[in-house]
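# Residue-level structural notes
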Amino acid sequence: MAAVAEHPRPDRTVRGSLRRKEAWAGLLFVLPCLVLFAVFRFGPGLGGLLLAFTDYVPGDVTHFTGLENFRRLVADPLFWSALKVTVVYTVLAVPVGIGASLGLALLTRRAFRGTKLFRSVFFLPVVTSLVLASTVFVWIFSTEGPWSAVMGFLGLPDQSWLSDSVLVLPALALVGIWSRCGYGMLILLARLQDLPAELEEAALVDGAGPVQRFRHIVAPQLRPAFFFLAVIETTNSFQVFDAVYMMTGGGPANASYSLVFQLYDTGFKYFDLGYASAIGCALFVLTVVVALVQRAVLGKEK
């Protein structure tokens, strides 16, 4: 009986060489995308950081000024006012927005007649142009709009919220929540559909009510999704600009003058790009710090 010839197995050196060749080949394929990503993503960020240490004005001689723009930032009352507006807007928009997203996700979690239609309708504002929607909301919040009519019907002041320095930020927050809660609904809904049904069924057999099941079973499982949403929505709220630009222009009396709106005014209206870059750096640091705090609160597994 003829013996079957065995093929010699490649040693570790040969296998390692093959893996390295495959890795280099894969890197060559993705290298164009990596270069484009680095140039158009990290390049502007690095350029903005460098500009923050200069007095760059288009068409003028640029000088290195060190930390002068940041000293000017600390002494600028308009910066602190814009920072306060941005933080207040974020505090109003993010928790309520995540709560609305959770409510919509729980509402459309179970399959029923028209579930897909409701999900599509709730997600529609996410893909709607915020510029166009802001134009509509200007009319909604105006004195002749439906919002003022509802307020008057309830016996509340029926003036335009956009012209009131106290109510303008809640009005903008409502627009932000309307435009973003469908995205949060999608994230939470995807997580909810991955939860093991056996856990809730066992709790139901043990006599746990809806609130107890949500508190002890559903909510802990949603913790990673809550953390992701908190970071994403906080970052978007810190960068609010479109609605402010279209609906209020930063008014009334700078009551809706956000950090990004100040950055826009400084850089593209007054062409003080060095100082505008310093504002952008401050906004970046604020976003990172808040994200780290959110990670400490929500991001760690218990």
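Residues numbered from 1 in each chain as written. Predicted model: local features only at pLDDT ≥ 70, side-chain atom pairs only at ≥ 80, totals over all residues. Heavy atoms only, no water.

## Here we look at unusual backbone geometry
A cis amide bond links Gly251 to the next residue, Pro252, at an omega of -5°. Along the chain, the position of Pro252 falls in the loop between α11 (242–247) and α12 (259–269). In this structure, Ala253 is a non-glycine residue whose phi angle is positive, near 55°. Structurally, Ala253 can be placed in the loop between α11 and α12. Exposure remark for Ala253: the relative accessible area of 79% places this residue in the exposed category. Not every positive phi belongs to a glycine, and Phe271 is a case in point at roughly 55°. Considering the arrangement of structural elements, one finds Phe271 in the loop between α12 and α13 (273–299). On the basis of relative accessibility, which here comes to 44%, the residue Phe271 falls in the partly exposed class. (Helix = DSSP H or I, 4+ residues; strand = E, 2+ residues; numbered from the N terminus. Buried < 20%, exposed > 50% of the residue type's maximum accessible area, 1.4 Å probe, protein only.)

## Quick notes on the packing of helix α8 (residues 197–205) against helix α9 (residues 210–221)
Across the interface, α8 lies against α9 with an axial gap of 10 Å and an inter-helix angle of 150°. As far as their axial angle goes, α9 and α8 are roughly antiparallel. The handedness of the crossing between α8 and α9 comes out as right-handed. On α9, the residues that touch Leu199, Glu200, Ala203 and Leu204 of α8 are Arg213, Ile217 and Val218. Tallied by class, the residues present in the contact of α8 with α9 amount to five nonpolar, no polar and two charged. (Axes fitted to C-alpha atoms, helices over the stretch in contact; angles between N-to-C directions. Parallel < 35°, antiparallel > 145°, perpendicular 65-115°, else oblique. Left-handed = near helix turned anticlockwise from the far one by under 90°. Contact = heavy atoms within 4.5 Å. Nonpolar A, V, L, I, M, F, W, Y, C, P; charged D, E, K, R; others polar.)

## Describing the pattern of salt bridges
Scanning all chains against the criterion turns up three salt bridges. Notably, a salt bridge pairs Asp272 with Arg72, separated by 2.7 Å at the nearest N-O pair. Of this pair, Asp272 sits in the loop between α12 and α13 while Arg72 sits in helix α2 (residues 68–74), and the two are 200 residues apart along the sequence. (Salt bridge = Lys/Arg side-chain N within 4 Å of Asp/Glu carboxyl O.)

## A few points about the side chain of Ser160
Within the element layout of this structure, Ser160 appears in the loop between α6 (146–153) and α7 (168–193). Contacts of Ser160, omitting those with residues within four sequence positions, involve Phe141, Ser142, Thr143 and Ser148.

## Structural notes on the layout of surface pockets
The volume enclosed by the largest pocket comes to roughly 970 Å³. Forming the walls of the largest pocket are 24 residues, and the residues nearest its centre are Pro44, Gly45, Gly280, Cys281 and Phe284. Listing elements by their share of the lining of the largest pocket, those giving two or more residues are α1 (12–51), α12 and α13. The leading source of residues in the lining of the largest pocket is α13, at eleven residues. Estimates place the volume of the second largest pocket at around 400 Å³. Lining the second largest pocket are 25 residues, and of these Leu130, Gly176, Ser179, Arg180 and Asn236 lie nearest its centre. Elements with a minimum of two residues in the lining of the second largest pocket: α3 (77–107), α7, α10 (223–238) and α11. (1 Å grid on protein atoms, 1.4 Å probe; cavity = no way out; pocket = protein on both sides within 12 Å on 5 of 7 lines; lining within 4 Å. Points joined across faces, edges and corners; volume = space filled by probe spheres on them.)

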